[in-house]
There are 2 protein chains.
Amino acid sequence: MVEIIIAPNAGFCFGVKRAVKLAEESSDLIKEGIRVFTLGPIIHNPQEVGRLKEKGIKPIGEEGPQRGDAVIIRSHGIPPERERELREHGFKVIDATCPYVKAVHEAVCQLTKEGYFIVLVGERNHPEVIGTLGYLKECGGRGIVVESMDDLKEALNKERVGVVSQTTQNERFLKEVVGELSLWVKELKVINTICNATSVRQEDVYSLAPSVDVMIIIGGKNSGNTRRLYSISKSLNENSYHIETEEEVDPSWFEGVKKVGITAGASTPDWIINRVKDKIEEICAGLSQSCSSSAR
Amino acid sequence: MVEIIIAPNAGFCFGVKRAVKLAEESSDLIKEGIRVFTLGPIIHNPQEVGRLKEKGIKPIGEEGPQRGDAVIIRSHGIPPERERELREHGFKVIDATCPYVKAVHEAVCQLTKEGYFIVLVGERNHPEVIGTLGYLKECGGRGIVVESMDDLKEALNKERVGVVSQTTQNERFLKEVVGELSLWVKELKVINTICNATSVRQEDVYSLAPSVDVMIIIGGKNSGNTRRLYSISKSLNENSYHIETEEEVDPSWFEGVKKVGITAGASTPDWIINRVKDKIEEICAGLSQSCSSSAR
């Protein structure tokens with residue numbers, strides 16, 4: 001008998017749910033003849049993006065918006081100068097920036113006002129980080145992005161350092177950065193902006209991965225938070241697999257397996273998680289194993 | 001000609017030197033007929049305490065001060081209510097509290113004013129910590145002493161935590177505490193109040209040892225901080241020697257030598273350093289080398 005356990009916090013976070021909802025609500029504009037575009041894929045999930053496309057909501061691509069069209073800012077947020085440009089072009093701006101990301105924008109400006117040099121713990125090329133750096137610049141602040149401990153050098157000789165983090169940052173790395181900084185700078189202020197959704201999803205993996213035979217991580221191959229879930233899982237359980245859809249599920253993974261864990265990144269809709277679960281149950285049946293799944 | 005260079009930060013730290021100096025200056029009061037007492041041994045060195053006793057400056061013990069006598073507060077500091085009591089008893093108070101310890105008193109009150117719950121990283125029964133807690137109480141603050149990670153629990157559910165540390169706190173433990181806190185509390189402010197006396201003594205050795213022919217490290221053979229100075233020195237200069245007193249100085253170390261470096265651990269009074277210097281000069285004279293010593 002194979003048991004399938006879906007992690008309690010798998011899938012969409014609050015900010016993504018909200019962005020998708022705002023996108024869906026923009027269908028009303030389409031009915032009024034206004035075209036709706038998203039600034040890049042609204043979530044890191046091609047399937048969900050495809051579903052919205054069918055409703056007429058598509059990422060800016062070959063086709064671009066014209067004056068009067070609506071443009072949706074994704075949950076990641078954008079730099080303020082970019083938002084101004086959109087408005088100057090005459091687009092109707094729908095701001096789906098995650099409120100937790102807005103809190104990071106506010107935090108860097110608050111810390112700047114208080115005279116701190118900013119350390120933004122995150123990935124240099126991540127849209128969220130690019131957006132936050134835009135706000136830092138806007139409010140006249142100075143700071144650096146810290147992606148590895150090496151990047152920290154530039155902050156060590158500062159007297160007063162303020163730390164914030166990308167909302168989807170790995171907690172252990174933030175902890176390492178903050179600990180090290182505390183020994184170097186005279187005054188350190190940390191506003192922990194890691195979104196709880198990310199940490200609870202990561203905690204799920206820490207507790208689930210070691211207790212199952214196979215661990216399945218669902219989410220975009222280009223999604224940083226999903227890749228981190230996968231790397232945590234892989235470090236705890238060799239039989240960890242990162243897939244985007246049920247089509248990648250390989251029957252050979254489940255031979256002789258008794259317990260399967262599933263989790264999914266923040267951009268993975270429930271309907272994909274359910275399809276993966278169904279596929280695994282089907283495989284188990286084919287392998288003449290009796291499958292059971294735990295509701296989350 | 002042999003040059004003897006004493007490291008700038010050899011021996012007692014700034015705060016202890018200052019306390020001993022203030023004690024010595026109080027001899028003037030003794031001449032005026034005022035008795036002088038210290039609140040506990042002014043330093044952890046029986047020889048040095050004995051030397052001051054001969055000048056009439058003794059720790060409060062069998063004999064206590066009377067109204068009009070002088071009382072010296074040691075470098076560790078004391079709670080403000082205790083200081084008030086001393087004044088109310090009519091004692092002349094000489095405050096030899098280390099300025100770096102005063103900075104901790106100020107830090108807990110500043111953080112309290114800013115609304116933080118205080119985490120004081122240090123030893124619960126250390127006189128410095130007892131003094132700092134007195135200041136925390138005085139300015140209406142709330143907080144805890146963290147001696148082990150277990151103690152931290154009470155702070156983890158707080159929204160805003162301000163961290164300071166005992167001046168002689170181990171850096172690695174502070175780092176661990178701060179790292180952990182950063183993941184739990186919404187806003188963390190750290191004022192690093194660890195005194196850099198230990199690290200500057202080590203820096204001295206890094207710069208002095210490679211530039212001399214012989215390096216002498218003075219301090220207890222059982223003193224961790226002295227042994228660390230010795231091991232740093234030995235790694236940079238093969239001719240490094242760890243001694244406790246001038247009696248261990250071996251003339252054979254100085255044959256053909258042009259430059260001698262001396263440093264000492266935190267528990268070594270100046271007069272022991274000077275005796276070692278004198279002994280080396282004596283040896284140089286015996287070796288018909290002309291000796292000179294650099295003042296530090």
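Participant: How should the environment of E147 of chain A be read in this particular structure?
Facilitator: All names here are of chain A. By the secondary structure assignment, E147 is in the loop between β7 (143-146) and α7 (153-156). What makes E147 partly exposed here is the crowd of 18 C-beta atoms within 10 Å. Excluding residues that lie within four positions of it along the chain, E147 makes contacts with E123 and R124.

Participant: Could you clarify how one ought to interpret helix α3 (residues 46-54) of chain A in this entry?
Facilitator: Given 3.6 residues per helical turn, the α-helix brings residues three or four places apart onto the same face. Residues and elements named next belong to chain A. Where α3 is concerned, the buried positions are E48, V49 and L52. All buried residues of α3 fall inside an arc of 100° around its axis, so they share one side. Opposite its buried face, α3 presents the exposed residues G50 and E54, each directed more than 90 degrees away. At its buried positions, α3 is contacted by α1 (14-25) and β3 (57-59). Once α3 finishes, G56 follows within two positions and takes phi at roughly 95°, a positive value.

Participant: How do you make sense of the interface of chain B and chain A when you look at a structure like this?
Facilitator: It is common to report an interface's size as the accessible area lost on association of the parts. Chain B puts 17 residues into the contact, and the matching count from chain A is 17 residues. Going through the elements one at a time, α8 (171-184) and β9 (187-191) of chain B are the ones with two or more residues in the side of chain B that touches chain A. For the side of chain B that touches chain A, the element with the highest residue contribution is α8 of chain B, accounting for 9 residues. Split by residue class, the side of chain B that touches chain A holds 7 nonpolar, 3 polar and 7 charged. As judged from the 5 bridges shared by strand β9 (residues 187-191) of chain A and β9 of chain B, these two strands associate in the antiparallel manner. The residue of β9 of chain B that forms the bridge with I191 of chain A is E187 of chain B.

Participant: How should the nonpolar core be read in this particular structure?
Facilitator: Most often, soluble globular proteins have nonpolar side chains that are buried together. V119 and V163 of chain A together with V119 and V163 of chain B are the most contacted members of the largest nonpolar core, which has 108 residues in total. Aside from chain neighbours lying at most four places away, what touches V119 of chain A is G143, I144, V146, A155, V161, V163, V177 and L181 of chain A.

Participant: Can you walk me through the packing of helix α9 (residues 196-208) of chain A against helix α10 (residues 224-236) of chain A in this structure?
Facilitator: Helix-helix packing: each pair is described by the crossing angle between the helix axes and the interaxial distance. Residues and elements named next belong to chain A. Running from N to C, α9 and α10 point in directions that differ by 25°, and their axes come no closer than 9 Å. Viewed along their axes, α9 and α10 adopt a mutual orientation that is roughly parallel. Helix-helix and strand crossings are classified by hand; for α9 and α10 the assignment is right-handed. Seen from α9, the contacting residues are T198, R201, Q202, V205 and Y206; seen from α10, they are N225, L229, I232 and S233. In terms of residue class, the contact of α9 with α10 is made up of 4 nonpolar, 4 polar and 1 charged.

Participant: Just checking my understanding: could you explain helix α6 (residues 127-138) of chain A for this structure?
Facilitator: Residues and elements named next belong to chain A. Spanning 12 residues, α6 covers 17 Å between terminal C-alpha atoms, matching the ideal 16 Å at 1.5 Å per step. Within α6 the residues assigned to the buried category are E128, V129, G131, T132, L133, Y135 and L136. Elements that come into contact with the buried residues of α6 comprise α4 (80-88), α5 (99-113), β6 (117-121) and β7. At the C-terminal side of α6, G140 shows a positive phi close to 80°.

The rules behind each value
Residues numbered from 1 in each chain as written. Chains lettered and ligands numbered in written order. Predicted model: local features only at pLDDT ≥ 70, side-chain atom pairs only at ≥ 80, totals over all residues. Helix = DSSP H or I, 4+ residues; strand = E, 2+ residues; numbered from the N terminus. Buried ≥ 20, exposed ≤ 12 C-beta atoms within 10 Å, placed from the backbone. Contact = placed C-beta atoms within 7 Å. Arc of directions from axis to C-beta. Nonpolar A, V, L, I, M, F, W, Y, C, P; charged D, E, K, R; others polar. Pairing = 2+ DSSP bridges. Core = buried A, V, L, I, M, F, W, Y, C linked by C-beta atoms within 7 Å. Axes fitted to C-alpha atoms, helices over the stretch in contact; angles between N-to-C directions. Parallel < 35°, antiparallel > 145°, perpendicular 65-115°, else oblique. Left-handed = near helix turned anticlockwise from the far one by under 90°. Expected span 1.5 Å × (residues − 1).

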